[in-house]
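Below, each chain spelled out in residue letters.
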Amino acid sequence: NAGVTQTPKFQVLKTGQSMTLQCAQDMNHNSMYWYRQDPGMGLRLIYYSASEGTTDKGEVPNGYNVSRLNKREFSLRLESAAPSQTSVYFCASRSITDRRRLNEQFFGPGTRLTVL
Amino acid sequence: KQEVTQIPAALSVPEGENLVLNCSFTDSAIYNLQWFRQDPGKGLTSLLLIQSSQREQTSGRLNASLDKSSGRSTLYIAASQPGDSATYLCAVSGSNYQLIWGAGTKLIIKP
């Protein structure tokens, strides 16, 4: 049971390049989230997927797209990377069935992205 | 719009002391509140989850309280150890269970 996994762990891009961050969870969670964390700030929500087949914008969606490929996987795509997107990206999933940890979010290890 | 504030931004205490970290939020209509630990360059570890109907949760030397009416939560750490040094983040869950985060308290425990 790996929990939430993210790939890659590190990435360096040049301005204008594109890439996809991958996230997968094996806990049978319905809801998944993408956050970014900038230095000295709390995390901010980029996009979320309340259930398979649905996606919605969060607080800072500009410059990103997402795909909920299936119940396990939720990917984040940067079509044309900009230096302002240099950040640490975290994927999370939410439990709705475990009564002891109802609606708790579980996080992946993060992807550290630098855009030059 | 929900805002979450954590004070102080940094705290340094000698080993063995009991300490309290504070988290305040502006909108009391929350579903739950989570406390996380983040080590430098690492991911997020969930420490405690308090549902909106609960007043407190305990795990080992950690105790978190929630007062929705006043918009406050505290994380109490007993008998602090150098291994407790990390950044502690609180987050409240709003509509669609999106987490709204504080900026964190960086804790240093001096041996």
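Scroll up to find the structure.
Residues numbered from 1 in each chain as written. Chains lettered and ligands numbered in written order. Predicted model: local features only at pLDDT ≥ 70, side-chain atom pairs only at ≥ 80, totals over all residues. Heavy atoms only, no water.

K.L.:
Sorry if this is basic, but what is going on with the pattern of salt bridges here?
P.N.:
Oppositely charged side chains may form a pair once their charged atoms are brought near each other. Residues and elements named next belong to chain A. All chains considered together, the criterion is met by six salt bridges over all chains. A salt bridge links arginine 36 to aspartate 38; the nearest nitrogen and oxygen atoms lie 3.0 Å apart. In this structure arginine 36 comes out as buried when scored by relative accessible area, which is 8%. Taking the shortest distance from any N to any O, the salt bridge between aspartate 38 and arginine 44 comes out at 2.6 Å. By relative accessible area, which is 11% here, aspartate 38 ends up buried. (Salt bridge = Lys/Arg side-chain N within 4 Å of Asp/Glu carboxyl O. Buried < 20%, exposed > 50% of the residue type's maximum accessible area, 1.4 Å probe, protein only.)

K.L.:
Help me out: how do you make sense of the nonpolar core in this one?
P.N.:
Judged by nonpolar contacts, the single largest core of 22 residues is most densely connected at Leu19(B), Phe25(B), Leu33(B), Trp35(B), Leu75(B), Ile77(B) and Tyr88(B). Looking at this core, the elements that each hand over two or more residues are strand S3 (19-25), strand S4 (32-38), strand S5 (44-51), strand S7 (62-67), strand S8 (72-77), strand S9 (86-93) and strand S11 (105-110) of chain B. Excluding its chain neighbours within four sequence positions, the residues that come into contact with Phe25(B) are Gln2(B), Glu3(B), Val4(B), Ile30(B), Leu33(B), Leu66(B), Asp67(B), Lys68(B), Gly71(B), Arg72(B), Ser73(B) and Val92(B). In terms of nonpolar packing, the next biggest core, distinct from the first, is built from 21 residues, Trp34(A), Tyr47(A), Tyr89(A) and Cys91(A) among them. (Core = buried A, V, L, I, M, F, W, Y, C linked by side-chain atoms within 4.5 Å. Helix = DSSP H or I, 4+ residues; strand = E, 2+ residues; numbered from the N terminus. Contact = heavy atoms within 4.5 Å.)

K.L.:
I keep staring at the sheet that holds strand S1 (residues 4-7) of chain A and nothing clicks. Help me out?
P.N.:
Two pairing modes exist for strands in a sheet, parallel and antiparallel, and in both the strands are linked by backbone hydrogen bonds. Residues and elements named next belong to chain A. Spatially, four strands are ordered S1-S3-S8-S7 in an open sheet, and the strand pairing comes out antiparallel. Among the strands making up the open sheet, the edge pair consists of S1 and strand S7 (64-68). Pairs of neighbouring strands in the sheet enclose a mean axial angle of 20°, with direction left out of account. Examined bridge by bridge, strand S3 (residues 19-25) and strand S8 (residues 74-78) share three bridges and lie antiparallel to one another. Among the inter-strand pairings, methionine 19 is bridged to a residue of S8, identified as leucine 78. (Pairing = 2+ DSSP bridges. Axes fitted to C-alpha atoms, helices over the stretch in contact; angles between N-to-C directions.)

Scope: geometric values only; no functional claims are made or implied.
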